[in-house]
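# Descriptive structure summary
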Amino acid sequence: MTISQTMTAARMHTVGGEMKIETLDTPKPGDLDVLVRVKACGIVPNLHNILANWPTWFPHMPQPPLPAVFGLDPAGEIAALGRQVHGLNVGDRVYVNPGRSCGTCRHCRRGDSISCKHYAFQGYFGFSEHAFQTFADYPIGGLSEYTVAPASAIVKIPDNMTFDQAARLGYLGTAYSALKKVNAGPGDTILVNGISGTLGIGAAIFGLAIGVKKILGTGRDKALLEEIKTFAPNRIEIFSINDGNVTDFAMKHTEGEGVDAFLDCSGPGALHDTFRQGLLSLRRGGIAADIGAIAGLVEIDVHRLMDRNQRLYGSAWLTTAEGQEMADMVAAGIVDLSILETQSFPLSDVNNAISGIAQRHGGFSNFVICP
């Protein structure tokens, strides 16, 4: 594969400023890295507003030093391999998990990289002040023609998964990882708050794929909820939070016992009452996971959680192994990602794309930049 000495990338120079299309040196992979030619990079709707306000909203979670090439969820083809990389080949179709850790601390060595104090998203943000070394090691995000990532971050994707679909694996994987943490599986009934959003659709798709018996989905938009129900009309029940209490809905569909697991996919600004109602919907021994980042101090009856032997997790992102499991499900035909409605933009139009101008269709919309 021919690799140019230079590449085009979108780089942000000031907080809140427009990204500039620039020519940069093509990065070179280290011994344990791969160079990926980016074909699609997932973007968060209204990303410009998020990047502009991040220092105020989340001062404890640093962004890469500016100027920086952002881009969270790249997918593409391997263009070059580091000297010590085995089991991957030039030309392989891949998704790049952007989660980066130090690789050598006690958490990384026992396979829990997300707990590493250096953990950061390449091309997006870190989770503590210790993230700056990680940014220095892997400074180029997916809004570029090429990016370098450790071989351990690579998910091989099948031919029946497009690059556009692969660029959604981060958000789909956040839901899938949470489903694994709450031990969801055959025979279970789970509750998903915000099922029609970006994260919630992932919970629905992969909940069905792993054999969950019944999925109870909540949201506001009744039309979107009806579309979710068409995934599996006999296994999905829907409820608009404008129509009443989530707990009552869950108890009605579990003969008063409560759900086996609860996933909250509601984002910052969502009602705390809906989250609490989800917790109150758990059966004895049930497990809850928050993946939507509901904001603020939420009152929880911890004594009740203890008495009922329940658990509440905060679940961040996914592991590369979980990403590969999802790709393998698509390869096997267990999961169909054709429901995603992609809106793609060239790199030259990145500023319009990240300003939130696109038409949204709930979590069905899939926004990507194609360098």
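Structure: above.
For clarity, every value in this text was computed on a predicted model and none was experimentally measured.

Here is what the cut-offs are and how they apply
Residues numbered from 1 in each chain as written. Predicted model: local features only at pLDDT ≥ 70, side-chain atom pairs only at ≥ 80, totals over all residues. Heavy atoms only, no water. Helix = DSSP H or I, 4+ residues; strand = E, 2+ residues; numbered from the N terminus. Rg over C-alpha atoms; globule rule 2.2 N^0.38 Å. Buried < 20%, exposed > 50% of the residue type's maximum accessible area, 1.4 Å probe, protein only. Contact = heavy atoms within 4.5 Å. Areas by Shrake-Rupley, 256 points an atom, 1.4 Å probe, with all protein chains shown as cover. Lys, Arg positive; Asp, Glu negative; His and termini not counted. Charge placed at Lys NZ, Arg CZ, Asp CG, Glu CD. Pairing = 2+ DSSP bridges. Axes fitted to C-alpha atoms, helices over the stretch in contact; angles between N-to-C directions. Arc of directions from axis to C-beta. Patch = residues over 30% accessible without salt bridge, like charges linked within 9 Å, V, L, I, M, F, W, Y side chains within 5 Å. Salt bridge = Lys/Arg side-chain N within 4 Å of Asp/Glu carboxyl O. Disulfide = S-S within 2.5 Å. Polar contact = N/O pair within 3.5 Å; in protein donor to acceptor, adjacent residues only side chain to side chain. Phe/Tyr/Trp six-rings, centres within 6.5 Å; stacked < 30°, edge-to-face > 60°.

## A look at the overall build of the chain
Along the chain, the regular secondary structure elements total twelve helices and 17 strands. Computed over C-alpha atoms, the radius of gyration of the chain comes to 20 Å, within 12% of the 21 Å expected from 2.2 N^0.38 for 371 residues, which places it in the range of a compact globule. With respect to the three principal axes, the spread of C-alpha positions in the chain is 65 × 45 × 45 Å. A buried classification covers 52% of the 371 residues belonging to the chain. In the chain, 71% of the contacts between residues at least 6 apart in sequence involve partners at least 24 apart. Here the chain has roughly 15900 Å² of accessible surface; of this, 50% comes from carbon and sulfur atoms. Taking the average place of the 30 positive charges on the side chains of the chain and the average place of its 36 negative ones, the gap between the two points comes to 4 Å.

## Concerning unusual backbone geometry
Working note: non-glycine residues mostly have negative phi, and peptide bonds are mostly trans. Leu66 connects to Pro67 through a cis peptide bond whose omega is 0°. Mapped onto the fold, Pro67 is located in the loop between helix H1 (47-57) and strand E4 (73-81). For Asn183, which is not glycine, the phi torsion reads 60° and is therefore positive. Here Asn183 is to be found in the loop between helix H5 (169-181) and strand E10 (189-193). Phi at Asn309 takes a positive value of approximately 55°, unusual for a residue other than glycine. Its place among the elements puts Asn309 in the loop between helix H10 (302-307) and strand E15 (311-314).

## What about the sheet that holds strand E11 (residues 214-219)?
On the basis of which strands lie adjacent, the open sheet formed by six strands has the order E12-E11-E10-E13-E14-E15 and parallel pairing. Edge positions in the sheet fall to strand E12 (236-240) and E15, since each has one partner strand and no second. Averaged over neighbouring strand pairs, the angle between their axes works out to 15° when direction is ignored. Two elements, strand E13 (residues 259-264) and strand E14 (residues 282-290), share five bridges in a ladder whose sense is parallel. Bridge pairing links Leu263 to Ala289 in E14. Its contacts with the sheet place helix H6 (residues 198-209) against E10, E11, E12 and E13, and it is angled at close to 170° to E11. Seen against the sheet, helix H9 (residues 272-280) touches E10, E13, E14 and E15 and runs at an angle of roughly 140° to E14.

## A word on H1
Among all positions in H1, only Leu47, Ile50, Leu51 and Trp54 are buried. The arc that holds every buried residue of H1, seen down its axis, measures 95°, which confines them to one face. Buried residues along H1 sit against strand E1 (6-12) and strand E2 (19-25).

## Side note on a nonpolar patch on the surface
Residues Met1, Leu81 and Val90 make up a contiguous nonpolar surface patch of about 230 Å² in total accessible area. As for its placement among the helices and strands, Val90 is situated in the loop between E4 and strand E5 (93-96).

## Here's the deal with the state of the cysteines
Counting across every chain of the model gives zero disulfides. Free cysteine Cys108: the closest other cysteine sulfur is in Cys105, separated by 3.7 Å. Here Cys108 falls in the buried class, since its relative accessible area comes to 13%.

## Thoughts on the side chain of Arg93
Within the secondary structure, Arg93 sits in strand E5. Within the buried set, Arg93 has no salt-bridge partner at all; the shortest N-O distance to an opposite charge, 4.2 Å, is to Asp159. One polar contact links the side chain of Arg93 to the main-chain carbonyl oxygen of Pro158, over a distance of 2.6 Å. Among the polar contacts listed, one links the side chain of Arg93 to the backbone oxygen of Met161, at a separation of 2.8 Å. Apart from residues no more than four positions distant in its own chain, Arg93 is found in contact with Gly76, Val155, Lys156, Ile157, Pro158, Asp159, Met161, Thr162 and Phe163.

## Observations concerning the packing of aromatic side chains
Scanning all chains against the criterion turns up 16 aromatic pairs. Ring centres of Trp54 and Tyr124 lie 5.8 Å apart, and the angle between their planes is 45°; on these two criteria the pair is classed as tilted. Of this pair, Trp54 sits in helix H1 while Tyr124 sits in the loop between strand E7 (120-121) and helix H3 (132-137), and the two are 70 residues apart along the sequence. For Trp54, a relative accessible area of 6% translates into the label buried.

Note that all results are geometric; they support no functional claim without further evidence.
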